[in-house]
Amino acid sequence: MKSLPNILTSMRLVLALFMFLALAAAAGGVPYVSERLEPMQQFALQRWAVYAFVVAAVTDFFDGWLARRMNATSVWGAILDPIGDKVLVCGGILGLMALGPQPMVLLPAGLILFREFTVSALREVGAGRGVKLPVTLLAKWKTTLQLTALAMELIVAAWGAFSLSEEAAIRSWFALAAHALFWVAAIVTLITGAQYWEQTRKALRE
């Protein structure tokens, strides 16, 4: 049972890969497969991709909670968890872009990717010099905001795949809420990135 947290984390990686491939196939990006898909099959792939993203996002909470609750924290879990988070976020952003032009999310998405790769590089450099960057509370909220906003953005982009209201006002308000939350996530992401940068700078100067 103590392996359950790591199983959930591994499942997040698998679901993230499935989500991206499903969206890429629905968007016409998978050779041989995409050209044989009917419109209803494309919609089905989009729906299942969103479902997979949501389930994967939920595992992000439960794997850490179970690891602490079951006293099952491990080095492997500590390595897999941040990788799973970044793969899910980056895969979600790439999948979102695959669904078509997304001018309202392009800038915040780019800023989030920039921060994620930068912090990953900082961790790698810091680890080589014995510098550890502990995950802050704000960074945990950052991940929650990113995943929630991305789920909403995916629904906006794949609106036609769901049995949702076609009323323009409802769709516009939902899209506005998704865009606003995505920007909040991007801003918090940049703040945590600046915090990690400063922590690393100070640690390397000591």
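The following refers to the structure shown. Model, not experiment: these values are computed from the prediction. (Residues numbered from 1 in each chain as written. Predicted model: local features only at pLDDT ≥ 70, side-chain atom pairs only at ≥ 80, totals over all residues. Heavy atoms only, no water.)

**What about the layout of surface pockets?**
- Its boundaries defined by the atoms lining it, the second largest pocket holds a volume of some 230 Å³.
- Residue lining of the second largest pocket: eleven residues in total, with Ile 79, Pro 82, Ile 83, Lys 86 and Ser 120 positioned closest to the centre.
- Going through the elements one at a time, α3 (75-98) and α4 (103-128) are the ones with two or more residues in the lining of the second largest pocket.
- The element best represented in the lining of the second largest pocket is α3, accounting for seven residues.
- Residue composition of the lining of the second largest pocket, grouped by class: seven nonpolar, one polar and three charged. (1 Å grid on protein atoms, 1.4 Å probe; cavity = no way out; pocket = protein on both sides within 12 Å on 5 of 7 lines; lining within 4 Å. Points joined across faces, edges and corners; volume = space filled by probe spheres on them. Helix = DSSP H or I, 4+ residues; strand = E, 2+ residues; numbered from the N terminus. Nonpolar A, V, L, I, M, F, W, Y, C, P; charged D, E, K, R; others polar.)

**Some details on the environment of Ser 10**
- For Ser 10, the location among the structural elements is in helix α1 (residues 4-26).
- Classification of Ser 10 as partly exposed rests on a relative accessible area of 31%.
- Separated by 74 residues in sequence, Ser 10 and Gly 84 have C-alpha atoms that sit 7.4 Å apart. (Buried < 20%, exposed > 50% of the residue type's maximum accessible area, 1.4 Å probe, protein only.)

**A look at the pattern of salt bridges**
- Counted by the stated rule, this structure contains seven salt bridges.
- As a salt-bridge pair, Lys 86 and Glu 116 come within 3.4 Å of each other at their nearest N and O atoms. One end of the pair, Lys 86, is in helix α3; the other, Glu 116, is in helix α4, and 30 residues separate them in sequence. Comparing Lys 86 with Glu 116 shows no difference in burial state: the two are buried.
- Note that Glu 198 is salt-bridged to Arg 201, the shortest N-O span being 2.5 Å. Of this pair, Glu 198 and Arg 201 are both found in helix α6 (residues 168-205), three residues apart, which corresponds to roughly one turn of the helix.
- By relative accessible area, which is 34% here, Arg 201 ends up partly exposed.
- Taken together, the shared-partner salt bridges connect Lys 86, Arg 115, Glu 116 and Lys 142 into one network. (Salt bridge = Lys/Arg side-chain N within 4 Å of Asp/Glu carboxyl O.)

**Focus: the packing of aromatic side chains**
- By the definition in use, this model includes three aromatic pairs.
- Judged by centre distance (5.5 Å) and plane angle (90°), the ring pair of Trp 48 and Tyr 51 falls under edge-to-face. Of the two residues, Trp 48 and Tyr 51 both sit in helix α2 (residues 39-69), three residues apart, roughly one turn of that helix.
- Here a set of aromatic residues connected by ring pairs shows up, and it is made of Trp 48, Tyr 51 and Phe 162. (Phe/Tyr/Trp six-rings, centres within 6.5 Å; stacked < 30°, edge-to-face > 60°.)

**A short note on a nonpolar patch on the surface**
- A cluster of nonpolar residues, Leu 107, Leu 137, Leu 138, Trp 141, Trp 183, Ile 187 and Ile 191, forms a patch on the protein surface that exposes about 690 Å² of accessible area.
- Looking at the nonpolar patch, the elements that each hand over two or more residues are α5 (137-157) and α6.
- Among the secondary structure elements, Leu 138 is positioned in helix α5.
- Residue Leu 138 is classed as partly exposed on the basis of its relative accessible area, which comes to 31%. (Patch = residues over 30% accessible without salt bridge, like charges linked within 9 Å, V, L, I, M, F, W, Y side chains within 5 Å. Areas by Shrake-Rupley, 256 points an atom, 1.4 Å probe, with all protein chains shown as cover.)

**Details of the packing of α5 against α6**
- With their axes 8 Å apart at the nearest point, α5 and α6 run at an angle of 150° to one another. The angle between α5 and α6 falls in the class roughly antiparallel. When the axes of α5 and α6 are compared, the crossing they make is left-handed. (Axes fitted to C-alpha atoms, helices over the stretch in contact; angles between N-to-C directions. Parallel < 35°, antiparallel > 145°, perpendicular 65-115°, else oblique. Left-handed = near helix turned anticlockwise from the far one by under 90°.)

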